[in-house]
Amino acid sequence: MRLFAFFCLLPLLLAGCSDVTPGPRVLRVTHQLDTVHPNHRGHEEFARVLEQISGGRMKAKLYPGAQLGTARESIELLQIGSLDMTSVAAADVESFVPEVKIFSLPYLFRDNAHMRRVLASPTGRTLLEAGLGARLRGLGYFDSGSRSFYTKDKPVESPGDLAGKKVRVLNSPMAMEGIRALGGAATPIAYGELYTALQQGVVDAAENNPTSYLTSRHYEIAKFYSLDEHTAIPDMVLISEVTWNRLSAQEREWVTEAVRAGANRQMELWTETEQKSLATLAAAGVTIARPDKALFMDRVGPIYDRLQQVSPELHSLVEDIRSQ
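If you're wondering where the values come from, they're calculated on a predicted model, not measured in any experiment. (Residues numbered from 1 in each chain as written. Predicted model: local features only at pLDDT ≥ 70, side-chain atom pairs only at ≥ 80, totals over all residues. Heavy atoms only, no water.)

## Looking at the overall build of the chain
Stated precisely, the cut-off is as follows: Strands are runs of DSSP state E lasting at least two residues, helices are runs of H or I lasting at least four, and both sets are numbered from the N terminus onward. This radius of gyration counts C-alpha atoms alone. The globule rule is 2.2 Å times how many residues there are, raised to the power 0.38. Throughout, exposure labels follow a simple rule: accessible area from a 1.4 Å probe, protein chains only, divided by the maximum for the residue type, with under 20% read as buried, over 50% as exposed, and the rest as partly exposed. Here, two residues are considered to be in contact whenever any of their heavy atoms come within 4.5 Å of each other. For accessible areas, the Shrake-Rupley method is used with a probe of radius 1.4 Å. Any residue's cover is judged against the shown protein chains and nothing else. Charged-residue counts in this description rest on Lys and Arg as positive and Asp and Glu as negative, His and the chain ends being excluded. Every charge is mapped onto a representative atom, which is NZ of Lys, CZ of Arg, CG of Asp or CD of Glu.
A count of helical and extended segments in the chain gives 14 helices and 11 strands. Against the compact-globule benchmark of 20 Å for 324 residues, the chain has a radius of gyration of 20 Å, which places it among compact chains. Considering the chain as a whole, with its 324 residues, one finds that 54% of them fall into the buried category. Put simply, of all contacts in the chain between residues at least 6 apart along the chain, 74% involve residues at least 24 apart. Here the chain has roughly 14,100 Å² of accessible surface; of this, 53% comes from carbon and sulfur atoms. Both charge centroids of the chain, one from 35 positive and one from 38 negative side chains, sit 4 Å from each other.

So, in structure tokens, the structure goes:
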């Protein structure tokens, strides 16, 4: 009897109750951010729409704030089917899906409207499907704005101000190359550990969008924010290919539609939230600098030159994106 109970519970442990019947199919969904962040509210919309359009036959259980591990750990859980869905920065995906590293190129997009247009294009959809060989299926994107530097001692007005500074960066070879090109010492650290790393001087600076800088409360330690906007790296909404293969055709349609609704809501909220975040930061005593972006753009040209030599395919993709 005990063995029978164990084998009955095993699928629940491995798949997060996804296959329990006759009750609803429950998808476990995790992300790294706070519950006030637009990304979480996008996930809430996904969960609401999924339950609504499925008539309660599908539900989503959300685990915000890195409750189920780091971004990398979440991706690895997706690969083995122990987790159903996650949203993570595209930079966190590139070690699993090399094509995705294109998003970490500095100054790839002209502006936010250009980025959103590319994400909705056939190019964006192709990149979502690039991870199928790694058992990762992209279903959509969340807007994460543009990443800018924040520091503890003084604002970054030019690349020279980054010299000698340890800058926390996403665990992405391309992102690290970009920070080095701009003069900083790239230091990859898990997002959940960054507050303490800044507090203890493990790093001198970091970079992120205004909303994440605010909701993470990193401004309490690093009070100088410089809007150089060197990268615009979207978040990718991923589902485990193991989970996807368990779903019926109807369930796949429900999930796809719900992700679309969640992404649309997230992008609406992002537009509303970003300017409010900057105003809140200024009111909290943060010094907000607006350096000349041309000074930074001049430093990253060699990255594109090397890319053309070592990966003509990715460079061709760059040209495709820039033409849109």
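Further notes follow.
## Thoughts on the packing of helix H2 (residues 38–53) against helix H11 (residues 249–283)
For clarity, the threshold we go by: To obtain each axis, a line is fitted to C-alpha atoms, and for helices this fit is confined to the stretch in contact; angles are then taken between N-to-C directions over 0 to 180 degrees. When the near helix sits turned anticlockwise from the far one by under a right angle, the crossing is termed left-handed; a clockwise turn instead gives a right-handed crossing.
Two elements in contact, H2 and H11, have axes separated by 7 Å at closest approach and are oriented at 150 degrees. Along this stretch, H2 crosses H11, giving a crossing that reads as right-handed. Across the interface between the two elements, Pro38, Asn39, Arg41, Gly42, Glu45, Phe46, Val49, Leu50 and Ile53 from H2 touch Trp254, Val255, Glu257, Ala258, Val259, Ala261, Gly262, Arg265, Gln266, Leu269, Trp270 and Thr273 from H11.

## Things to note about the pairing of strand S3 (residues 85–89)
Each regular strand shows side chains that alternate between the opposite faces of the sheet. Using the following cut-off: A pair of strands is considered paired only if DSSP assigns at least 2 bridges between the two.
Across the 5 residues of S3, 5 count as buried, placing the element largely inside the fold. Sheet analysis places strand S1 (residues 25–30) next to S3, joined by 2 bridges and oriented parallel. For Thr30, the partnering residue across the bridge sits in S3 and is Thr86. One ladder, built from 5 bridges, connects S3 with strand S10 (residues 235–240); its direction is antiparallel. Looking across to S10, one finds that Ala89 is bridged to Asp235.

## With respect to the nonpolar core
This is how the line gets drawn: The definition of a nonpolar core used throughout is a set of buried Ala, Val, Leu, Ile, Met, Phe, Trp, Tyr and Cys residues joined through side-chain atoms within 4.5 Å.
Counting residues in each nonpolar core, the largest one holds 52 residues, and the members touching the most others are Val93, Ile102, Phe103, Leu105, Leu108, Phe109 and Met236. Sort the elements by how many residues they give to this core and helix H7 (residues 173–181) lands first, with 5 residues. Apart from residues no more than four positions distant in its own chain, Phe109 is found in contact with Phe103, His114, Met115, Val118, Ala232 and Ile321. Listed in part, the 20 residues of the second largest apolar core include Phe46, Val49, Trp244 and Ala258.

Without other data, these values stay purely geometric and don't point to any function.
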